[in-house]
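# Fold and contact review
Spelled out, the chains give:
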Amino acid sequence: MIQIYHNNRCTKSRQALQELENSNRDFEVIYYLETPPNRAQLTELIKKLAIKPFELIRKTEKIYIENYKGKNLTDLEWIDAMVKNPVLIERPIIVSGDKAVIARSTERIKEILVENITDKRHENHD
């Protein structure tokens, strides 16, 4: 099942949601500001993205600028900062199986959708 970590107030997130709707695939919308991921969920999400936690931080957010800019935190401390302040999590994130992308461009969205189709084909042939 495809999932999108979505913030409806974000233009890029609304565009990604529209792409998913247009794809005619089943997907789940996770409104991560209302139901933020816990530490384990966020750690797993970062693993699927294949990035460092700091790369998932929205560096233009006021809370980042006022409380975290210039700080040299550990990966776990960055994860805890995002758990405590989910607005710091970059968006939108689309997850499919064991892969995820920060879907700020149509190309990234299509990349995960194509992988999802390829994975389904492999499942059907195994």
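Residues numbered from 1 in each chain as written. Predicted model: local features only at pLDDT ≥ 70, side-chain atom pairs only at ≥ 80, totals over all residues. Heavy atoms only, no water.

## Here's the deal with the packing of aromatic side chains
As enumerated under the stated definition, the model contains three aromatic pairs in all. With a centroid separation of 5.0 Å and an interplanar angle of 50°, the aromatic rings of phenylalanine 54 and tryptophan 78 are classed as tilted. A residue pair is termed long-range when its members are at least 10 positions apart, and phenylalanine 54 in the loop between helix H2 (39–49) and helix H3 (62–67) and tryptophan 78 in helix H4 (residues 75–84) qualify at 24 residues. Put simply, the rings of Phe54, Tyr64, Tyr68 and Trp78 touch in pairs and so form one group of aromatic residues. Sitting above the plane of the phenylalanine 54 ring, lysine 59 keeps its charged end 4.2 Å from the centroid. (Phe/Tyr/Trp six-rings, centres within 6.5 Å; stacked < 30°, edge-to-face > 60°. Helix = DSSP H or I, 4+ residues; strand = E, 2+ residues; numbered from the N terminus. Lys NZ or Arg CZ within 6 Å of the ring centre and 35° of its normal.)

## Here's the deal with the sheet that holds strand S4 (residues 99–102)
Sheet architecture is open: four strands sit in the order S2-S1-S3-S4, paired in mixed fashion. Edge strands, defined here as strands with exactly one partner in the open sheet, are strand S2 (27–31) and S4. Averaged over neighbouring strand pairs, the angle between their axes works out to 20° when direction is ignored. Pairing analysis gives four bridges linking strand S3 (residues 93–96) to S4, with the strands arranged antiparallel. (Pairing = 2+ DSSP bridges. Axes fitted to C-alpha atoms, helices over the stretch in contact; angles between N-to-C directions.)

## Side note on the nonpolar core
Counting residues in hydrophobic clusters, the biggest one holds 21 residues, and the most contacted among them are Leu42, Leu45, Leu56, Met82 and Ile93. Leucine 45 has contacts with Tyr5, Ile93, Val95 and Ala100, leaving out every residue within four places of it along the chain. Counting residues in each nonpolar core, the second largest holds eleven residues, with Ile4, Leu17, Val101 and Ile112 among its members. (Core = buried A, V, L, I, M, F, W, Y, C linked by side-chain atoms within 4.5 Å. Buried < 20%, exposed > 50% of the residue type's maximum accessible area, 1.4 Å probe, protein only. Contact = heavy atoms within 4.5 Å.)

## Notes on helix H1 (residues 11–22)
An ideal rise of 1.5 Å per residue puts 16 Å on twelve residues; H1 measures up with 16 Å between its terminal C-alpha atoms. Among all positions of H1, only Ser13, Ala16, Leu17 and Leu20 are buried. On an axial view of H1, the arc spanned by its buried residues comes to 100°, and they lie on one face. Just downstream of H1, asparagine 24 is the residue with a positive phi angle, here 60°. (Expected span 1.5 Å × (residues − 1). Arc of directions from axis to C-beta.)

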